[in-house]
Amino acid sequence: MDLISLEGKRILVTQADMFMGPALVKVFTELGADVIADTSPLIAANAPETLVQSVGTIDVLVANLAIIAPNTPAQAADDTEWREVFAHLVDPLPRLVRAVIPGMRERCSGKILVMGSASALRGMKRASTYSAARGAQLAYVQAVGVELASFNIQVNAIAQNFVDNPTYFPAEIQANPAFQDRLKREVPLGRLVSPKEDAALAAYLCSDAANCFVGQIFPMCGGWVTK
């Protein structure tokens, strides 16, 4: 991580108090970035544009969107759950991206990084709505990444699971022996990926060293998707 520099970059991190937000803010700041740590839910249709306009120049957008994942069998996952999950995880993403594109195109420079989920890459029981929403994020990243590459705007995503974070793996879950057994059984790494390890990858993808990646999805899950 010593080779990564974010000096002079203004980075907007959304939902900075959830999911990977705290770790991202800490590592980005340590690497010299000017971090705007927003904690609003961004549910209202105009909220993303209002946020972007209020903070000024944004060199990097980190779309860190999270919701407590439902644990509902597919047959019981109704329209209300579907709409709620997509309203939190999917709807804010294109609104944020549309808001930052004009400034990035004008400067012919910018990065957009989505903190996504590997649940879109491997099937999980009782996670149909959540996995579908995370899958929509990744498909969007691939399409927009190709579209914006010619403007020197790199759009990519980290698809993670089994990364230590307060939203999906709080301390009480990690202390559960059944979870520890699952970790050893399902994750080749045998442990959770640390917040710093995940944030280091994010920092690299937000840096000038990562100008060559276009619409790519980077799994970060201790080998869970490849087992």
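This text goes with the structure placed above it.
Enquirer: It is not clear to me how the environment of threonine 29 should be interpreted in this structure. Could you clarify?
Expert: Of note, threonine 29 is situated in helix α1 (residues 21-30). Take threonine 29: its relative accessible area is 45%, and that puts it in the partly exposed class. Separated by 103 residues in the primary sequence, threonine 29 and alanine 132 have C-alpha atoms spaced 33 Å apart.

Enquirer: Could you clarify how one ought to interpret the nonpolar core in this entry?
Expert: A general trend in soluble globular proteins is that nonpolar side chains are found buried together. Leu24, Phe28, Val62, Ile112 and Met115 are the most contacted members of the largest nonpolar core, which totals 74 residues. Once you skip the residues sitting within four places of it in the chain, leucine 24 turns out to touch Val13, Val62, Asn64, Met115, Ala199 and Ala202.

Enquirer: Looking at this structure, how should I read the sheet that holds strand β3 (residues 60-63)?
Expert: Pairing between sheet strands relies on hydrogen bonds along the backbone, with the strands arranged either parallel or antiparallel. Taken in spatial order, the six strands line up as β2-β1-β3-β4-β5-β6 in an open sheet, and their pairing is parallel. Taken across any chain shown, the strands that pair with only one partner, and hence form the sheet edges, are β2 (34-37) and β6 (217-220). The sheet shows a mean angle of 20° between the axes of neighbouring strands, direction not considered. Of the pairings in the sheet, the one linking strand β1 (residues 10-13) to β3 comprises three bridges and is parallel in character. Residue pairing in the sheet places valine 13 in a bridge with valine 62 of β3. Strands β3, β4 (110-117), β5 (153-160) and β6 of the sheet are contacted by helix α8 (residues 195-206), whose axis makes an angle of about 150° with β4.

Enquirer: I'm lost on the environment of glycine 215 in this one. Help?
Expert: Mapping glycine 215 onto the fold places it in the loop between α8 and β6. With 86 residues separating them in the primary sequence, glycine 215 and threonine 129 have C-alpha atoms 23 Å apart. With residues near it in sequence (within four places) discarded, glycine 215 still touches Val141, Gln142, Gly145, Val155 and Asn156.

Enquirer: I would appreciate a short explanation of the pattern of salt bridges in the present structure.
Expert: For side chains of opposite charge, pairing can occur when their charged atoms come near one another. Counted by the stated rule, this structure contains five salt bridges. Here arginine 10 and aspartate 34 are joined by a salt bridge, their closest N and O atoms 3.1 Å apart. Here the residue arginine 10 occupies a position in strand β1, and aspartate 34 occupies one in strand β2, the gap between them amounting to 24 residues. Of the residues examined, aspartate 34 reaches a relative accessible area of 38% and is grouped as partly exposed.

Enquirer: Could you clarify how one ought to interpret the pairing of β3 in this entry?
Expert: In the case of a regular strand, side chains alternate between the two sheet surfaces. What you see with β3 is no split at all: Val60 and Val62 on one side and Leu61 and Ala63 on the other are buried throughout. Note that β3 and β4 share four bridges and pair parallel. Within β4, the residue paired with alanine 63 across the bridge is valine 114.

Cut-offs used in this document
Residues numbered from 1 in each chain as written. Predicted model: local features only at pLDDT ≥ 70, side-chain atom pairs only at ≥ 80, totals over all residues. Heavy atoms only, no water. Helix = DSSP H or I, 4+ residues; strand = E, 2+ residues; numbered from the N terminus. Buried < 20%, exposed > 50% of the residue type's maximum accessible area, 1.4 Å probe, protein only. Core = buried A, V, L, I, M, F, W, Y, C linked by side-chain atoms within 4.5 Å. Contact = heavy atoms within 4.5 Å. Pairing = 2+ DSSP bridges. Axes fitted to C-alpha atoms, helices over the stretch in contact; angles between N-to-C directions. Salt bridge = Lys/Arg side-chain N within 4 Å of Asp/Glu carboxyl O.

These figures come from the coordinates and say nothing about function on their own.
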